[in-house]
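Residues per chain are reported as follows:
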Amino acid sequence: SRIEDVAAVAGVSKGTLYLYYPSKESLLEAVIRHHLSLPIASSAEAFADYGGATSALLRDALVPAWLAIVEGPASGVIKLVVTEVRNFPEIAGFYAREVIEPAHRLVGAAIERGIARREFRRVDVADTVRSIMMPMVTMCMYRHSFAACEQPCMPQMSGADMRRFVDHHLDLVLRGLARGT
């Protein structure tokens, strides 16, 4: 997008936009921070205060967060970053610091909590976090690519379909983490 187009949609002049965001990259950083970094930070507070079972924590925290991201504007931000990261390596670093690392620390801490409490079996935490998180990225990409085409082999996923997929995915992960009896 041209900065003039962004300013027009925002209802401000190009000069006003440049007062707050000196470059397209700084504007994109603000969008990433608003749609992804801030929700991750607020989730960290909820994770810290949770007293129940770790599997319930992951269900109660991840399902609504994933659905909010996939169904909202944040999914478009994720797709934009994924598709443009090679052209803007500075944004890749910013996204890693602001989104990927905090999200992985948060989910990783929950996995470690479950292991320490003997609710989960011992696993490689980093690989488990990637196994949990990557399908969300894939869903965002799907929503803004194949699903937008509405081909018979790529049907649109409704909100109910996404909820069912997220529940199913998390159920598979949690069953895989469960300690054997």
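Computed from a prediction, not measured in an experiment: that's the story for all the values here.

(A) Broad picture of the packing of helix α6 (residues 89-116) against helix α7 (residues 125-143). Where α6 contacts α7, the two axes come as close as 9 Å, and the packing angle between them is 120°. Here α7 runs oblique to α6, going by the angle between their axes. Crossing angle aside, the handedness with which α6 passes α7 is right-handed. Contacts between α6 and α7 pair Ala103, His104, Val107, Gly108, Ile111, Glu112 and Ile115 from the former with Val125, Thr128, Val129, Arg130, Ile132 and Met133 from the latter. In the contact of α6 with α7, the residues fall into eight nonpolar, three polar and two charged.

(B) Region of interest: the pattern of salt bridges. Throughout the structure, instances matching the rule amount to eight salt bridges. Residue Asp127 pairs with Arg130 through a salt bridge whose shortest N-O separation is 2.6 Å. Taken together, the residues Asp127 and Arg130, both in helix α7 and three residues apart, mark about one turn of the helix. Asp127 sits in the partly exposed class, given a relative accessible area of 39%. Here Arg130 falls in the partly exposed class, since its relative accessible area comes to 39%. When the shortest N-O distance is used, the salt bridge between Asp167 and Arg163 registers 2.9 Å.

The rules behind each value
- Residues numbered from 1 in each chain as written.
- Predicted model: local features only at pLDDT ≥ 70, side-chain atom pairs only at ≥ 80, totals over all residues.
- Heavy atoms only, no water.
- Axes fitted to C-alpha atoms, helices over the stretch in contact; angles between N-to-C directions.
- Helix = DSSP H or I, 4+ residues; strand = E, 2+ residues; numbered from the N terminus.
- Parallel < 35°, antiparallel > 145°, perpendicular 65-115°, else oblique.
- Left-handed = near helix turned anticlockwise from the far one by under 90°.
- Contact = heavy atoms within 4.5 Å.
- Nonpolar A, V, L, I, M, F, W, Y, C, P; charged D, E, K, R; others polar.
- Salt bridge = Lys/Arg side-chain N within 4 Å of Asp/Glu carboxyl O.
- Buried < 20%, exposed > 50% of the residue type's maximum accessible area, 1.4 Å probe, protein only.

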